[in-house]
Amino acid sequence: SPRRPYLPARMAHDLASRPFDLLLWGATGFTGRLVAEHLARSAPGLRWALGGRSKAKLERVRAAIAEEHAAARELPLVVADADDPASLAALAAQTRVVLSTVGPFAVHGYPLVAACLAQGTDYCDSTGEPHFVRGLIDRHHDEARRAGVRIVPCCGFDSIPSDLGTLLLVERARREGRTLEEVRFLLGPWRGLPSGGSAASMIAIVDEAGRDPAVRRLLADPYSLSPDRAHDLDLDGREEMGVRFDRSLGIWTAPFVMAVINTRVVRRSNALTGHAYGKRFRYSEALCYRGDASGFAQASIAALGTVASAAAAATAVARPLLNRLVPTPGEGPSRARLDRGFFKARLYGRFEGDRRPRLLARVEGKQDPGYLETAKMLGESALCLAHDPRRAGFEGGVLTPATAMGAPLIERLRRAGMTFATEPLP
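None of these values were measured; they are calculated from a predicted model. Residue numbering note: each chain is counted from 1, following its sequence as written. Since the coordinates come from a predicted model, pLDDT governs what is reported: local features require at least 70, and pairs of side-chain atoms require 80 or more to be given and counted, while whole-chain, interface and lining totals use all residues. The basis for every side-chain value is the complete set of non-hydrogen atoms in the structure, without hydrogens or water.

Asker: Teacher, can you tell me more about the overall build of the chain here?
Answerer: On a plain count of helices and strands, the chain comes out with 17 helices and 14 strands. Across its three principal axes, the chain shows a C-alpha extent of roughly 55 × 50 × 45 Å. Classification of the 426 residues of the chain by burial places 53% in the buried group. For the accessible areas, the method is Shrake-Rupley and the probe is 1.4 Å, while residue cover comes only from the protein chains on display. Surface exposure of the chain reaches about 18100 Å², of which carbon and sulfur atoms provide 53%. Each helix is a run of DSSP H or I of at least 4 residues and each strand a run of E of at least 2, with the numbering of both proceeding from the N terminus. For every residue, the accessible area obtained with a 1.4 Å probe (protein chains only) is divided by the maximum for its type, and the residue is called buried under 20%, exposed over 50%, and partly exposed between those limits.

Asker: Is there a simple way to think about the pairing of strand S5 (residues 122–125) in this case?
Answerer: For a regular strand, side-chain orientation follows a simple rule: the groups alternate between the two sheet faces. Of the two faces of S5, the one holding Asp 122 and Cys 124 and the one holding Tyr 123 and Asp 125 are both buried throughout. By this definition, two strands are paired if DSSP reports at least two bridges between them. Of the strand pairs in this sheet, strand S4 (residues 95–100) and S5 are connected by 4 bridges, and their pairing is parallel. Among the inter-strand pairings, Val 97 is bridged to a residue of S5, identified as Asp 122. As judged from the 2 bridges shared by S5 and strand S6 (residues 150–152), these two strands associate in the parallel manner. The partner of Cys 124 across the bridge, within S6, is Val 152. Handedness rule for crossovers: strands pointing away from the viewer, path from the first strand over the helix to the second running clockwise, crossover right-handed. Since S5 and S6 lie parallel, the crossover through helix H7 (residues 130–147) that links them has a hand, and here it is right-handed.

Asker: Just checking my understanding: could you explain the layout of surface pockets for this structure?
Answerer: One simple way to see leftover space: roll a probe sized like a water molecule over the atoms. Put simply, the second largest pocket is a space of about 260 Å³. Every element with two or more residues in the lining of the second largest pocket is listed here: strand S7 (180–191), strand S8 (244–246) and strand S11 (342–351). For the lining of the second largest pocket, the element with the most residues is S8, which contributes 3 residues. Residue type decides the class: Asp, Glu, Lys and Arg count as charged, Ala, Val, Leu, Ile, Met, Phe, Trp, Tyr, Cys and Pro as nonpolar, and the leftover types, Gly among them, as polar. Looking at the lining of the second largest pocket residue by residue, the class counts come to 4 nonpolar, 2 polar and 9 charged. Cavities and pockets were defined on a 1 Å grid built from protein atoms only: a cavity is a group of points that admits a 1.4 Å probe but offers it no way out, a pocket is an open group of points flanked by protein on both sides within 12 Å along at least five of seven lines, and a lining residue is one with an atom within 4 Å of any such point. Grid points are joined across faces, edges and corners, and a volume is the space filled by probe spheres set on the points.

Asker: Could you clarify how one ought to interpret unusual backbone geometry in this entry?
Answerer: Of all residues except glycine, most have a negative phi; of all peptide bonds, most are trans. Along the chain, Asp 158 connects to Ser 159 via a cis peptide bond; the corresponding omega equals 15°. Residue Pro 189 is reached from Gly 188 by a cis peptide bond, and omega for that bond is 0°. By the element assignment, Pro 189 lies in strand S7. You will see that Cys 154, though not glycine, has its phi angle at about 65°, which is positive. In this structure, His 275 is a non-glycine residue whose phi angle is positive, near 60°. Here His 275 shows up in the loop between helix H11 (259–272) and strand S10 (282–289).

Asker: Looking at this model, I keep getting lost on the pattern of salt bridges. Mind explaining?
Answerer: Any two side chains of opposite charge can pair, so long as their charged atoms come close to each other. Each reported salt bridge corresponds to a side-chain nitrogen of Lys or Arg within 4 Å of a carboxyl oxygen of Asp or Glu. In this structure the tally under the stated criterion is 28 salt bridges. A salt bridge links Asp 236 to Arg 267, with the nearest nitrogen and oxygen atoms 3.1 Å apart. Of this pair, Asp 236 sits in the loop between helix H10 (213–220) and S8 while Arg 267 sits in helix H11, and the two are 31 residues apart along the sequence. Note on accessibility: Asp 236 and Arg 267 belong to one class, buried. One network of salt bridges, in which partners are shared, links Arg 346, Arg 362, Glu 364 and Glu 423.

Asker: Teacher, can you tell me more about empty space enclosed by the protein here?
Answerer: One pass over the structure, following the stated rule, counts 2 cavities of 30 Å³ or more. In this structure, the largest cavity encloses a volume near 100 Å³. Tyr 223, Asp 232, Asn 270, His 275 and Phe 281 are, among the 13 residues lining the largest cavity, the residues nearest its centre. Per-class residue counts for the lining of the largest cavity are 5 nonpolar, 3 polar and 5 charged. The space that makes up the second largest cavity amounts to roughly 50 Å³. Lining the second largest cavity are Val 133, Pro 153, Cys 154, Leu 225, Val 265, Arg 268, Val 398, Leu 399, Thr 400 and Pro 401. Residue composition of the lining of the second largest cavity, grouped by class: 8 nonpolar, 1 polar and 1 charged.

Asker: Any chance you could explain the nonpolar core here in plain terms?
Answerer: Proteins that are soluble and globular tend to have nonpolar side chains buried together. If you look at the biggest cluster of nonpolar residues, it comprises 77 residues, and the most contacted ones within it are Trp 48, Leu 50, Leu 164 and Phe 420. Sorting elements by how many residues they give to this core places helix H15 (residues 369–387) first, with 10 residues. Pairs of residues are marked as contacts when any of their non-hydrogen atoms sit within 4.5 Å. Sequence-distant contacts of Trp 48, that is, excluding residues within four places in its chain, are made with Phe 20, Leu 22, Ala 36, Leu 39, Ala 40, Leu 75 and Pro 76. Working definition of a nonpolar core: buried Ala, Val, Leu, Ile, Met, Phe, Trp, Tyr and Cys residues. They are joined through side-chain atoms within 4.5 Å. Phe 20, Leu 23, Ala 49 and Leu 91 belong to the second-largest nonpolar core, a separate cluster that totals 30 residues.

Asker: So what exactly am I meant to see when it comes to the state of the cysteines here?
Answerer: Chemically, a disulfide is nothing more than a covalent bond linking the sulfur atoms of two cysteines. Cysteine sulfurs are considered disulfide-paired once they come within 2.5 Å of each other. For the coordinates displayed, the defined rule picks out 0 disulfides. Unpaired in terms of disulfides, Cys 154 finds its nearest cysteine sulfur in Cys 155, a separation of 7.4 Å. A residue is classified by how much of its surface remains accessible, and Cys 154, at 2% relative accessible area, is buried. A disulfide-free cysteine, Cys 155 has its sulfur positioned 4.9 Å from the sulfur of Cys 124, the nearest such atom. Using a relative accessible area of 0% as the deciding quantity, one classes Cys 155 as buried.

This is the structure in structure tokens:
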């Protein structure tokens, strides 16, 4: 294991001598099992372990993985109790990186992150919960920065395509000697299903917002994850609602439910880099459809579905119906349905002084984005934290995928089958 040269020699030695490079917490959940399969397939020789509350369930997961990957028969199992701080401390002390898929994270995530920080262990997860990320920043950012511990939430479909796609455009513009003033992320076409964990997290966010006015204000603030709110220029408003026609691109757009986390992660990346993307940098997200009557109808249905889902999550009468329509945590669709999924995202970059976008980034995945592509992104993020060099200036803190890992993670995801590419626009 590579040493961390900025750490005290005693701590660097301790990390190198730990039995595991990576521990997957939540391996018995549906997404956790997919991450375990990806690691078994893609990282031969990795020193890793499966973690969870039930040894019997962990053994079943290990046996299922071993049917296709014989080496998994020897995978170590680590049993811990999420409600027992000593148990979590013992877990974190055995590994250099913890990858967690156990949500809702605002309910289950804080004790594990605290244990990782106390043990000098890097951490990443699949959360898409803005109030959880804000809580991590408030509780742990300064201490993690001093300790050289990287805490990196949002390492799945929320928010890697957004965060790394924007980074691609920023770097391309920099090579051309230009500065971006605006990036617009448009998702479509795509096919995928919401995971049980994502649905549970969405419902938990709505519940929390219903109880706590501070959470409602946080969700409404476009810069809620900014490290220095006083220096933001408030160039971006709230997320797009309703159906719009984008004349510059000739398409219809509709609200994208995950913009509420993705946009804030991208803005945090810009702020953490000292506004290297641009002090007047703007960012937005939406679903996109063709610019004809059929596209308008699809965009309208998507917008109505977004509003109806949010209303159902917030309404006691409609909540049981919503619960029947989405999978419960730990459950998911068949592998055949997952393999039929895909996503194509386009990020349009506009230079300062230009009226039209001049750069395009393409971020694409060939399988279900919320399950198989998320498992890929999570697994490669954890491997990047465990094995790739650290980015200067971002050795610790509550970071984003772009600031903690950046280009090395993009290269890993390309090798894993995702598309990350840029090109000029006429």
